[in-house]
Amino acid sequence: MDPGAGDGAPPLFAEGPADVLLQRLELTVRRRLDGLLQGDHLGLVPGSGSEAGDSRTYHPGDDVRRMDWPVTARVQVPHVRETIADRELETWAVVDLSASLDFGTALCQKRDLAIAGLAAVSHLTVRGGNRLGAVVTTGERVDRYPAASGRLAADRLLRKVVATPRAEGGRRGDLAAALESLRRPPRRRGMVVVISDFLGDSDWERPLRGLAGRHELLAIEVIDPRELELPDVGLLTVVDPESGQTLEVPTGNAEFRARFAAGAAAQRQAIAAALRRAGAGHLQLRTDRDWLMDVVRFVADRRRAGSGGASR
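Because the structure is predicted, anything quoted here is derived from the model rather than measured.

Q: An account of unusual backbone geometry is requested, with residue identities and associated values reported.
A: Residues other than glycine seldom take positive phi values, yet Gln76 does so here, at roughly 65°. For Gln76, the position within the fold is in the loop between helix H2 (69–75) and strand S2 (79–84). Positive phi, normally seen in glycine, also occurs at Phe198, with a value near 55°. For Phe198, the position within the fold is in the loop between strand S6 (191–196) and helix H6 (205–212). A residue is classified by how much of its surface remains accessible, and Phe198, at 3% relative accessible area, is buried.

Q: Please provide a residue-by-residue account of the pattern of salt bridges, values included.
A: Side chains that differ in charge, positive against negative, can pair when their charged atoms come close. Within this structure, the stated rule accounts for 20 salt bridges. The shortest N-O distance in the salt bridge between Asp68 and Arg81 comes to 2.9 Å. Placement of the pair is Asp68 in the loop between strand S1 (51–57) and H2 and Arg81 in strand S2, with a sequence separation of 13 residues. Look at Asp68 and you get buried, because its relative accessible area is 6%. In this structure, Arg268 engages Glu227 in a salt bridge whose closest nitrogen and oxygen atoms are separated by 3.2 Å. In this pair, Arg268 is assigned in helix H7 (residues 254–278) and Glu227 in the loop between strand S7 (216–223) and strand S8 (235–239), connecting sequence segments 41 residues apart. Taking relative accessible area as the criterion, Arg268 reaches 8% and is therefore assigned buried. Connected via shared salt-bridge partners are Lys110, Asp197, Glu221, Glu227 and Arg268.

Q: Residue-level account of the packing of helix H1 (residues 18–33) against helix H4 (residues 151–162), with values.
A: Across the interface, H1 lies against H4 with an axial gap of 11 Å and an inter-helix angle of 125°. In terms of axis orientation, H1 runs oblique to H4. Handedness of the H1/H4 crossing: right-handed. Facing Ala18, Asp19, Leu22, Glu26 and Arg30 of H1, the residues of H4 in contact are Arg151, Asp155, Leu158, Arg159 and Val162. Residue composition of the contact of H1 with H4, by class: 4 nonpolar, no polar and 6 charged.

Q: Which residues make up H7, and what values do they have?
A: Relative to the 36 Å expected for 25 residues at 1.5 Å per residue, H7 spans 36 Å between its end C-alpha atoms, a close match to the ideal helical length. Considered for burial, the residues of H7 that qualify are Ala264, Arg268, Ile271, Ala272, Ala273, Ala274, Leu275 and Ala278. Considering only its buried residues, H7 is in contact with H6, S7 and strand S10 (281–286). Near the N-terminus of H7, the side chain that reaches the backbone nitrogen of Glu255, with its oxygen 2.9 Å away, is that of Asn253. Positioned one or two residues after H7, Gly279 has a phi angle of 80°, which is positive.

Q: With reference to specific residues and values, describe the nonpolar core.
A: With 46 residues, the main nonpolar core has Trp291 and Val295 as its most contacted residues. By residue number, the principal contributor to this core is helix H3 (residues 110–125), which donates 9 residues. If we ignore the near neighbours within four places in the chain, the residues touching Val295 are Leu33, Ala120, Leu124, Leu283 and Leu285. Of all hydrophobic cores here, the second largest spans 21 residues; its members include Val135, Ala178, Ala219 and Ile271.

Rules of the game
Counting starts from 1 at the beginning of each chain's written sequence and moves along it residue by residue. Local features in this predicted model are restricted to residues whose pLDDT is 70 or higher, and side-chain atom pairs enter the listing and the counts only when it is 80 or higher, whereas totals over whole chains, interfaces and linings include all residues. Hydrogens and waters are ignored; side-chain quantities use all the structure's heavy atoms. A run of H or I in DSSP becomes a helix once it reaches four residues, and a run of E becomes a strand once it reaches two; helices and strands are each numbered from the N terminus. Residue exposure (1.4 Å probe, protein chains only): buried if accessible area is under 20% of the type maximum, exposed if over 50%, otherwise partly exposed. For salt bridges, the criterion is a side-chain nitrogen of Lys or Arg within 4 Å of an Asp or Glu carboxyl oxygen. Axes here refer to lines fitted to C-alpha atoms; in helices the fit is confined to the stretch in contact. Angles between the N-to-C directions go from 0 to 180 degrees. Any angle that falls under 35 degrees is termed roughly parallel, while one over 145 is termed roughly antiparallel, one within 65 to 115 roughly perpendicular, and all others oblique. Take the far helix as the reference: if the near one is turned anticlockwise from it by less than a right angle, the crossing is left-handed, and if turned clockwise, right-handed. Whether two residues are in contact is decided by their heavy atoms, any of which lying within 4.5 Å being enough. We call Asp, Glu, Lys and Arg charged. Ala, Val, Leu, Ile, Met, Phe, Trp, Tyr, Cys and Pro are nonpolar, and the rest, Gly among them, are polar. Multiplying one less than the number of residues by 1.5 Å gives the expected span of a helix. Polar contacts, as counted here, are pairs of nitrogen or oxygen atoms within 3.5 Å of one another; within protein the pair requires one atom able to donate a hydrogen and one able to accept it, and residues that are adjacent in sequence qualify only if both atoms are side-chain atoms. As used in this record, nonpolar core signifies buried Ala, Val, Leu, Ile, Met, Phe, Trp, Tyr and Cys residues forming a set joined through side-chain atoms within 4.5 Å.

Function-wise, these values are silent; they only describe arrangement.
Listed below in structure tokens is the structure:
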């Protein structure tokens, strides 16, 4: 399969030189996303900013905390004060590359999709002096890359993430510890993007909610279709890469497949609810879909909504 050849797949980083594949990925991302970067919004979660702008007439639904009382009193018509988005943004990406990401049954592995999501975040945020840093966790190691500005720094970060060794089986990633590392010591206010499949324990919710008090949050959930439903292929032996547990799965049993699909749907609903409680925007990327179209729809919806922050 030719990576990025119109099938919606990201590059398969295990099958070629990282520099060449990252260059191809960058060209694809630029071609598809550049049109979304026009106007005042500077990133995936642009934020409302803190610099005072012009006043305008109040409309139902406007934040009453932005009421411009002096202008309202002068003209006897309710007005709100608009704000200008900050021109420099520090973005931190927490990238989960634990063993459960080394799996994929469609166009790519989830690991490839996670790196592609990071590339999109990089392209949408590293402009005008904005800085990008990353914390990469595999369960065996945690790599921290300081926030730096500029396209060359972002490209170096992506190459280092691609070169991260794959975790051995039987080791569960510690997403909660990676998130906690961004809270202590506190980082400057900015944006935090979490890229993971969010499987396993949900102990990541508390540190994520803690980050919401200081940063805008975006969660990119990486999914493979076989995690949502099972095909009818008879008796199947499966291994949990993060616990090492082996199970015999009777996929020929329609009732079992239905129970699995219901359990998987409930799990994904619980993840989505936890992300909402944390105040994070939620973007799903699937290995069987055009991932860039999902990014385009997400960003376009944010721009149309004009919320300037995560859905709460």
